[in-house]
Amino acid sequence: MSAVLDIQGLSLGVRTEAGMAHILDHVDLAVHSGEIMGLVGESGCGKTTLARALLGNLPESGAWKAGGGIRLDGEEMLQGGSKARALRGRVVTFIPQDPLASFNPLFRIGTQIRDLLRAKLPASESPGGWKPAVISMLKAVLLPYPDAILAAYPHQLSTGQRQRVMIALALLPQPRLIIADEPTTALDASTQRQILGLLRRLAAERGAAVLFTTHDLAAAWEVCDRISVMYAGQVVEIAERDRFFTRARHPYSRMLLACLEDGSTGIPGDAPDPHAPSAGCRFAPRCPNRSQICIEARPELAVQSDGDLLACHHPWGDAAAGAHV
Amino acid sequence: MSDAPVSPLLEVRLLAQHFPVRGLIGRQTGSVPALDDVSFAVQAGEVLGIVGESGAGKTTLGRTLAGILEPTRGAVQFAGALLAAPGIKRAVSTRARLQYVHQDPGASLNPSWTLRRALHEPLIIHTDWTRATRAEKIREIIAAAGLVESHLDLYPHELSGGQLRRAGLARVLVLNPELVILDEPTAGLDVSVRAMVLALLQDLRRRFSLTYLLISHDLFAARSICDRIAVLYRGKLVEIGPTERIFVAPRHPYTRALLAALPRIGGARITEGFAHQGEAHAHPTPSAGCRFYARCPFATPACAVDEPKLTDDAGHGVACFRWQDISPIP
């Protein structure tokens with residue numbers, strides 16, 4: 001099984017008033033066809049920057065690439081310009097966190113879908129030719145009365161309905177990769193369940209790769225096949241779902257999972273300043289297992305015996321851990 | 001909570017909030033019942049959670065109690081005095097004692113004010129303290145909320161998400177409120193900040209003997225800090241009881257459905273064997289009968305005729321005709 005999305009050694013920075021912010025540092029990530037990859041980590045760890053890089057949507061003037069690349073079905077995404085624009089919205093699509101902000105409130109849903117398809121899939125253009133495909137897709141995302149949905153304005157739909165329209169739109173061009181950016185954060189439990197079930201079924205049926213960004217570890221448990229954990233722009237662990245939740249190796253993964261327990265007070269300390277990254281592991285200042293080597297040398301993301309990936313000098317349960325602090 | 005029968009801090013009786021629907025020339029053509037005949041009581045020192053799906057009336061309830069909305073019917077008693085009823089204007093003095101914490105405290109801080117100015121403002125409005133007294137109170141609250149004094153000179157955009165939550169809570173606590181209404185305090189937070197916020201809420205409650213009304217669709221957050229939970233469905237209170245009873249032995253079919261929709265780490269995937277469950281807003285509010293009738297797997301024809309009343313069975317009330325016939329969750 002070859003990877004649909006293959007990110008290797010990606011380092012990205014953004015120019016800010018305070019100097020260069022090193023947002024992503026040597027990110028390695030591969031997502032396969034039909035797989036849902038969870039991407040978890042604290043706010044500000046680089047999840048959104050990564051998603052924007054995948055969409056070829058980073059500001060051309062402010063962003064700065066230090067190395068590495070993103071290959072989507074073999075095509076390089078980071079070259080920007082018209083090539084990336086051609087892939088965006090067709091080969092890779094995006095499900096936003098807040099669908100209300102992504103629709104124009106003044107136009108009917110149907111009008112907006114038609115205009116989008118004219119821009120992105122000109123081949124399908126014939127008067128009214130876009131409609132049957134859209135209607136069957138709306139049915140596939142379990143929206144009853146698709147004709148009424150197309151004639152409605154965004155505010156007339158419920159949050160769950162809007163999110164399902166967004167999912168239908170993201171699936172319409174038959175993309176190879178779908179980036180779902182916290183698609184269920186704003187939804188209540190019963191609507192979340194429907195949306196998660198839908199994502200899972202559609203990924204399996206249509207063979208699309210899904211990169212699922214979330215804060216909600218229970219939602220990640222529900223839909224993901226593998227989980228990757230990011231901390232301050234570095235991928236620290238990529239593990240198969242069951243192993244992540246039962247035997248996570250990276251201390252940060254462990255501490256993240258411990259936040260769900262009663263009486264937890266969160267992870268002590270703050271995320272490091274992206275303007276002055278350390279040469280070593282970025283989690284070291286908050287890590288109970290750190291030693292001198294963690295501060296000096298960045299651990300490589302290495303394949304473990306069970307196929308999971310880990311970047312840590314002192315994994316959880318390692319006897320030598322913490323001895324030098 | 002004491003064992004002697006004391007009068008509750010907050011008592012809500014048959015509260016209703018109907019929003020008018022207006023037609024073409026502003027004539028009222030109908031009304032949306034956002035809350036209907038909701039009754040419950042909150043004891044001093046207690047944490048009551050209000051849960052339910054979007055549109056259940058959770059926020060309307062919070063806003064009515066906070067005095068932002070005037071109720072259509074019913075009455076709210078607060079510390080023995082009438083707080084809200086149709087046509088009642090709220091005394092300014094009660095505003096300080098009952099505080100409302102918005103979902104995103106960062107958005108409720110003035111972006112061009114330092115934190116110091118934002119914290120002085122409520123004290124200037126509600127007290128006649130000198131500047132020095134105010135500063136001392138602010139120092140005490142800032143420390144309790146886990147901030148340091150240098151934060152006082154920062155603007156909201158210079159604080160992190162977790163610090164903003166702390167600042168929002170500090171701003172409410174300087175007035176020494178008795179009841180704090182928390183509207184979705186954990187929405188949109190990452191797990192680490194969420195755990196921090198929940199621990200902070202617990203700590204502040206003990207320190208300042210606060211009473212909380214927690215409005216949330218985050219059932220895990222509700223479980224971790226609430227003493228009791230009230231479940232709202234389309235403006236009706238369908239179940240209320242001790243937190244553990246609600247989670248372990250829920251009685252109302254809606255509560256059961258809500259809990260079944262929660263993904264549980266380590267459990268089976270709930271979306272496997274996924275079926276369309278229907279949506280609250282797909283059906284209009286029925287004029288008679290149980291509001292959950294159209295979605296209820298246990299409904300009988302009788303459920304469409306009469307509306308069940310909330311029972312009070314040893315502190316665990318449920319508004320359902322059939323709850324005793326439904327087998328308990330294994």
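Scroll up to find the structure.
Let me begin by describing the structure that accompanies this report.

About the criteria used
Residues numbered from 1 in each chain as written. Chains lettered and ligands numbered in written order. Predicted model: local features only at pLDDT ≥ 70, side-chain atom pairs only at ≥ 80, totals over all residues. Heavy atoms only, no water. Helix = DSSP H or I, 4+ residues; strand = E, 2+ residues; numbered from the N terminus. Rg over C-alpha atoms; globule rule 2.2 N^0.38 Å. Buried < 20%, exposed > 50% of the residue type's maximum accessible area, 1.4 Å probe, protein only. Contact = heavy atoms within 4.5 Å. Areas by Shrake-Rupley, 256 points an atom, 1.4 Å probe, with all protein chains shown as cover. Lys, Arg positive; Asp, Glu negative; His and termini not counted. Charge placed at Lys NZ, Arg CZ, Asp CG, Glu CD. Salt bridge = Lys/Arg side-chain N within 4 Å of Asp/Glu carboxyl O. Nonpolar A, V, L, I, M, F, W, Y, C, P; charged D, E, K, R; others polar. Expected span 1.5 Å × (residues − 1). Polar contact = N/O pair within 3.5 Å; in protein donor to acceptor, adjacent residues only side chain to side chain. Pairing = 2+ DSSP bridges. Phe/Tyr/Trp six-rings, centres within 6.5 Å; stacked < 30°, edge-to-face > 60°. Lys NZ or Arg CZ within 6 Å of the ring centre and 35° of its normal. Axes fitted to C-alpha atoms, helices over the stretch in contact; angles between N-to-C directions.

**Some remarks on the overall build of chain B**
Stage number 1. A tally of regular secondary structure across chain B gives nine helices and 11 strands.
Stage number 2. For chain B, the C-alpha radius of gyration of 21 Å lies close to 20 Å, the compact-globule estimate for 330 residues.
Stage number 3. The principal-axis extents of the C-alpha atoms in chain B amount to approximately 70 × 50 × 50 Å.
Stage number 4. Burial statistics for chain B: of 330 residues in total, 51% are counted as buried.
Stage number 5. Of all intrachain contacts in chain B linking residues separated by at least 6 positions in sequence, the fraction that spans at least 24 positions is 63%.
Stage number 6. Split by element, the accessible area of chain B, about 15100 Å² in all, is 54% carbon and sulfur.
Stage number 7. Distance between charge centres in chain B, computed from 36 positive and 31 negative side chains, equals 3 Å.

**Points about the overall build of chain A**
Stage number 1. A count of helices and strands for chain A gives 12 helices and 12 strands.
Stage number 2. Against the globule reference of 20 Å for 325 residues, chain A gives a C-alpha radius of gyration of 21 Å, in line with a compact fold.
Stage number 3. Expressed as lengths along the three principal axes of its C-alpha atoms, the size of chain A is roughly 70 × 45 × 40 Å.
Stage number 4. Out of the 325 residues belonging to chain A, those deemed buried represent 54%.
Stage number 5. Taking contacts inside chain A between residues at least 6 apart in sequence as the whole, the part at least 24 apart equals 66%.
Stage number 6. Here chain A displays about 13700 Å² of accessible surface, and carbon together with sulfur accounts for 52% of that area.
Stage number 7. Charge-centre separation for chain A: the mean point of 32 positive side chains lies 8 Å from the mean point of 33 negative side chains.

**Details of the environment of glutamate 158 of chain B**
Stage number 1. Turning to its location among the elements, glutamate 158 of chain B is positioned in the loop between α4 (131-144) and α5 (161-173).
Stage number 2. As a C-alpha pair, glutamate 158 of chain B and cysteine 226 of chain B span 68 residues in sequence and 32 Å in three-dimensional space.

**A word on the interface of chain A and chain B**
Stage number 1. The interface is formed by 40 residues belonging to chain A together with 32 residues belonging to chain B.
Stage number 2. Taken together, chain A and chain B are joined by zero salt bridges.
Stage number 3. With 10 residues, helix α8 (residues 189-206) of chain A is the largest single contributor of residues to the side of chain A that touches chain B.
Stage number 4. Across the side of chain A that touches chain B, the residue classes break down as 17 nonpolar, 13 polar and 10 charged.

**A closer look at helix α11 (residues 251-258) of chain A**
Stage number 1. A large share of α11 of chain A lies buried, amounting to six of its eight residues.
Stage number 2. Along α11 of chain A, the positions that sit buried rather than exposed are Pro251, Tyr252, Ser253, Met255, Leu256 and Leu257 of chain A.
Stage number 3. The inward-facing, buried residues of α11 of chain A contact β3 (36-40), α9 (217-223), β9 (226-231), β10 (234-240) and α10 (241-247) of chain A together with α6 (191-208) of chain B.

**A word on α8 of chain A**
All names here are of chain A.
Stage number 1. When the terminal C-alpha atoms of α8 are compared, their 26 Å separation across 18 residues agrees well with the 26 Å that a helix rising 1.5 Å per residue should span.
Stage number 2. The buried fraction of α8 amounts to 14 of the 18 residues, a majority that puts the element mostly inside the structure.
Stage number 3. Glycine 207, located one to two residues past α8, shows a positive phi value of around 70 degrees.

**Quick look at the side chain of histidine 314 of chain A**
Residues and elements named next belong to chain A.
Stage number 1. Counting through the fold element by element, histidine 314 comes out in the segment after β12 (309-310).
Stage number 2. Using a relative accessible area of 10% as the deciding quantity, one classes histidine 314 as buried.
Stage number 3. At a separation of 2.6 Å, a polar atom in the side chain of histidine 314 contacts the side chain of serine 291.

**Considerations on the pattern of salt bridges**
Stage number 1. Evaluated as defined, the whole model comprises 27 salt bridges over all chains.
Stage number 2. A salt bridge links aspartate 306 of chain A to arginine 243 of chain A; the shortest N-O distance between them is 3.2 Å. Taken together, the residues span a long stretch of sequence, with aspartate 306 of chain A in the loop between β11 (302-303) and β12 and arginine 243 of chain A in helix α10 at a distance of 63 residues.
Stage number 3. Note that arginine 171 of chain B and glutamate 121 of chain B form a salt bridge whose closest N and O atoms lie 2.6 Å from each other.

**A few points about the sheet that holds strand β8 (residues 211-215) of chain B**
Residue and element names in this part refer to chain B.
Stage number 1. Read from one edge of the open sheet, seven strands run β6-β7-β8-β3-β9-β10-β11, paired in mixed fashion. Strands with a single pairing partner mark the edges of an open sheet, and in this sheet they are β6 (98-101) and β11 (317-318).
Stage number 2. In the sheet, β6 pairs with strand β7 (residues 179-183) via four bridges, with the strands oriented parallel. The residue bridging valine 101 from the neighbouring strand is leucine 182, located in β7.

**Looking at the pairing of strand β4 (residues 63-72) of chain A**
Residue and element names in this part refer to chain A.
Stage number 1. Two elements, strand β1 (residues 3-16) and β4, share eight bridges in a ladder whose sense is antiparallel. Residue pairing for β4: aspartate 6 is matched across the bridge by arginine 71.
Stage number 2. Bridge count for β4 against strand β5 (residues 75-76) is two bridges, and the pairing is antiparallel. Bridge assignment links leucine 72 to a residue of β5, and that residue is glutamate 75.
Stage number 3. As consecutive antiparallel partners, β4 and β5 are separated by two residues, and within that stretch aspartate 73 has a phi angle of approximately 50 degrees, a positive value.

**Focus: the packing of aromatic side chains**
Stage number 1. In this structure the tally under the stated criterion is eight aromatic pairs over all chains.
Stage number 2. Seen in terms of ring centroids, tyrosine 254 of chain B and phenylalanine 292 of chain B are 5.3 Å apart; in terms of plane orientation they differ by 70 degrees. Their pairing is edge-to-face. Here tyrosine 254 of chain B, found in helix α9 (residues 253-260), pairs with phenylalanine 292 of chain B, found in the loop between α9 and β11; they are 38 residues apart in sequence, far enough to count as distant. For the pair tyrosine 254 of chain B and phenylalanine 292 of chain B, one class covers both residues: buried.
Stage number 3. Taken together, Trp221, Phe244 and Phe245 of chain A form an aromatic cluster joined through their ring pairs.
Stage number 4. Over the aromatic face of tryptophan 221 of chain A sits the side chain of arginine 241 of chain A, whose NZ or CZ is 3.7 Å from the ring centroid.

**A short note on unusual backbone geometry**
Most peptide bonds adopt trans geometry, and most residues besides glycine take a negative phi value.
Stage number 1. For glutamine 174 of chain A, which is not glycine, the phi torsion reads 50 degrees and is therefore positive.
Stage number 2. Locating glutamine 174 of chain A in the fold gives a position in the loop between α7 (159-171) and β7 (177-181).
Stage number 3. One non-glycine residue with positive phi stands out, namely arginine 234 of chain B, at about 45 degrees.
Stage number 4. Mapping arginine 234 of chain B onto the fold places it in the loop between β9 (228-233) and β10 (236-242).

**Remarks on the sheet that holds strand β6 (residues 92-95) of chain A**
Sheets are built from strands that pair by backbone hydrogen bonding, the pairs being arranged parallel or antiparallel.
All names here are of chain A.
Stage number 1. The eight strands lie next to each other as β6-β7-β8-β3-β9-β10-β12-β11, forming an open sheet whose pairing is mixed. The outermost strands of the open sheet, each flanked by one partner alone, are β6 and β11.
Stage number 2. Bridge count for β3 against strand β8 (residues 209-213) is four bridges, and the pairing is parallel. In the sheet register, isoleucine 36 faces β8, and the bridge partner there is valine 210.
Stage number 3. Lying over the sheet, helix α1 (residues 47-54) contacts β3, β6, β7, β8 and β9, oriented at roughly 140 degrees with respect to β3.
Stage number 4. Along the sheet, α11 contacts β3, β9 and β10; its crossing angle with β9, the most-contacted strand, is approximately 100 degrees.

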